[in-house]
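# Examination of the molecular architecture
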Amino acid sequence: MSRPEPHIDVRPITEADIPDWIRALNTGFLRTPDVAETEIADRSSYIVPARTLGAFDAGRCVATFRSFAQEITAVGGTPVPADAISNVTVTPTHRRRGLLTRMMAHDLAAAKDRGDVVATLIAAEYPIYGRYGFGPATSTAQWTVDVPRTGLDPRWAGPEDGGRIDIVDGADVRKIGPELFERVRRAQPGAVDRDERWWLVNTGVLRLDRSPWTEPFFAVYRSAGGEVEGLVSYTADDHWGDGKQPLNTASVNWLIAATPDAERALWHYLCSIDWITTVKSGWRAPDDLLPLYLPDPRAARVTTLADWLWVRILDVVRALEARTYEGQGELVLEVVDAGGLSGGRYRLQAAADGASCTPTTAAAELTLDVADLGRLWLGDESVVRLVALGRVREERAGAARVADALLRTSRRPWCPDIF
Ligand SMILES: CC(C)(COP(=O)(O)OP(=O)(O)OC[C@H]1O[C@@H](n2cnc3c(N)ncnc32)[C@H](O)[C@@H]1OP(=O)(O)O)[C@@H](O)C(=O)NCCC(=O)NCCS
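Here the residue index of a chain counts from 1 through its sequence in written order. Two thresholds apply to this predicted model, a pLDDT of at least 70 for residue-level local features and 80 or more for giving and counting side-chain atom pairs, whereas whole-chain, interface and lining totals are computed over all residues. Each side-chain value is worked out from all heavy atoms of the structure, with water and hydrogens disregarded.

## Observations regarding empty space enclosed by the protein
Inclusion rule: Cavities and pockets were defined on a 1 Å grid built from protein atoms only: a cavity is a group of points that admits a 1.4 Å probe but offers it no way out, a pocket is an open group of points flanked by protein on both sides within 12 Å along at least five of seven lines, and a lining residue is one with an atom within 4 Å of any such point. Grid points are joined across faces, edges and corners, and a volume is the space filled by probe spheres set on the points. Helix and strand assignments come from DSSP, with helices taken as H or I runs of at least 4 residues and strands as E runs of at least 2, each series counted from the N terminus. Residues are grouped as follows: Ala, Val, Leu, Ile, Met, Phe, Trp, Tyr, Cys and Pro are nonpolar; Asp, Glu, Lys and Arg are charged; every other residue, Gly included, is polar.
Under the definition given, this model contains one cavity of 30 Å³ or more. If you list the elements that add at least two residues to the lining of the largest cavity, you get strand E17 (329-336), strand E20 (366-369), helix H8 (370-377) and helix H10 (399-407). Its residues assigned to classes, the lining of the largest cavity shows 10 nonpolar, no polar and no charged.

## Here we look at the layout of surface pockets
By volume, the second largest pocket amounts to about 460 Å³. Forming the boundary of the second largest pocket are 19 residues, of which Ala187, Gln188, Ala257, Glu263 and Arg411 lie nearest the centre. At the level of secondary structure, the elements contributing two or more residues to the lining of the second largest pocket comprise helix H4 (170-186) and helix H6 (260-272). Its residues assigned to classes, the lining of the second largest pocket shows 10 nonpolar, two polar and seven charged.

## With respect to the domain arrangement of the chain
Convention followed: For each domain, the first and last residues come from an automatic or database assignment. Contacts are assigned to residue pairs with any non-hydrogen atoms lying within 4.5 Å of each other. By buried area we mean the combined loss of accessible area, with a 1.4 Å probe, across both parts when two parts are placed together. Salt bridge, as used here, is a side-chain nitrogen of Lys or Arg placed within 4 Å of a carboxyl oxygen of Asp or Glu. Polar contacts here mean pairs of N or O atoms no more than 3.5 Å apart (in protein, one a potential hydrogen donor and the other a potential acceptor; neighbouring residues in sequence count only if both atoms are side-chain atoms).
When cut into domains, the chain gives domain 1 (8-116), domain 2 (141-303) and domain 3 (315-407). Computed from C-alpha atoms alone, the centre-to-centre distance between domain 1 and domain 2 is 33 Å. Contacts between domain 1 and domain 2 engage 16 residues on the former and 13 residues on the latter. The junction of domain 1 with domain 2 conceals about 1100 Å² of combined surface from both sides, 42% of it contributed by carbon and sulfur atoms. For domain 1, the biggest contributors to the area lost against domain 2 are Asp42, Glu71 and Thr73; these three give 44% of the whole. The tally of links from domain 1 across to domain 2 stands at four salt bridges. With a closest N to O distance of 3.0 Å, Arg185 and Glu71 form a salt bridge. Linking domain 1 with domain 2 are seven residue pairs in polar contact (both at pLDDT 80 or more).

Right under this line is the structure:
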């Protein structure tokens, strides 16, 4: 049972609070609570104190919360300003007293005032964030590929399409990666932007005590025209069966591709490396084409399928106008928001040349919680399913099917990143 404790001060931190805030963060995430000087220097370089909250009990930090400016790609490719939430912890001695609720209310109110369209996060546990209006909006999948079973030609000697694959180093990745990723994420609903620091951390320039660095292999795919269209980072283990039989696993850290040709070539490359008998895909879109690039798709077994990015709609009008729709039509939605940020009745008019969304007093056709609007926004959930679950109420018979025809997408959204 949550009990309010007004004597605990919830506020943005100052520079001076950073070491104590990091200690509380590490305690909440069950990492060693020592605070290394290098971690203070690193976190101080990107933390924005005004958007970093702490809860202080008798001056000691007992809860942490941080948000930062992010762009998320809406369905159709428009980047939308988002309030990305991270580093959420409450020290075990102070749990279930409403501290997360207070920090969340503080941050979402500021995001709304700033004009952010949505808030985003990746949830450590499913039950935490629905109460604050977040819905699971994308999923992620991991595959394990049994290479000898793929049916790929063991004589594969490179892409058949005239493209080529080269091993490159971290410096090359920092040169070619950001531009390729921009191209990829702008075409991928649910993807979020990467800053320069992401590339420094993921090429080993910036080494963090909390996640030891192993130098990976990097491979780039260039099309027949010489254009960079795909990049993969992977590691390989050293495993010999009976001392004579190479049985190595390649584990993908990340793989980005701007075209299906690039993607196919990189998966075939990974499955063709001598000694490699298993490929672990890393976090992929739930409808990734990986299995279907293999002559025998059953060689790729799903080992994880889980919710990933959660979305909280802060501005219904801009969120629904930013995206495109598969069809044309109209819908009146009653959005219920216990958080008091985005509730109201809205008429969505979707057409091929754009959508409009306006507050209305017309009769609602569907009533839904703002968390379910977040779940639907990127097109990955079906209104018909949510009606069956009793989460969405159909006020006009057939409205759920109309909504699905508008909102759902032919490819599923995906967020390649964790934050
Ligand atoms: C998750 C966490 C931040 C919650 O903080 P908290 O201060 O205990 O949360 P609150 O007291 O504000 O909880 C508000 C409500 O959510 C519920 N709740 C909070 N965390 C929950 C969880 N993990 N599972 C189920 N319900 C949870 C509370 O029971 C409370 O419900 P009530 O209002 O019906 O009583 C804290 O438990 C924690 O630090 N966990 C470990 C680190 C972690 O998982 N962080 C999240 C990273 S994404």
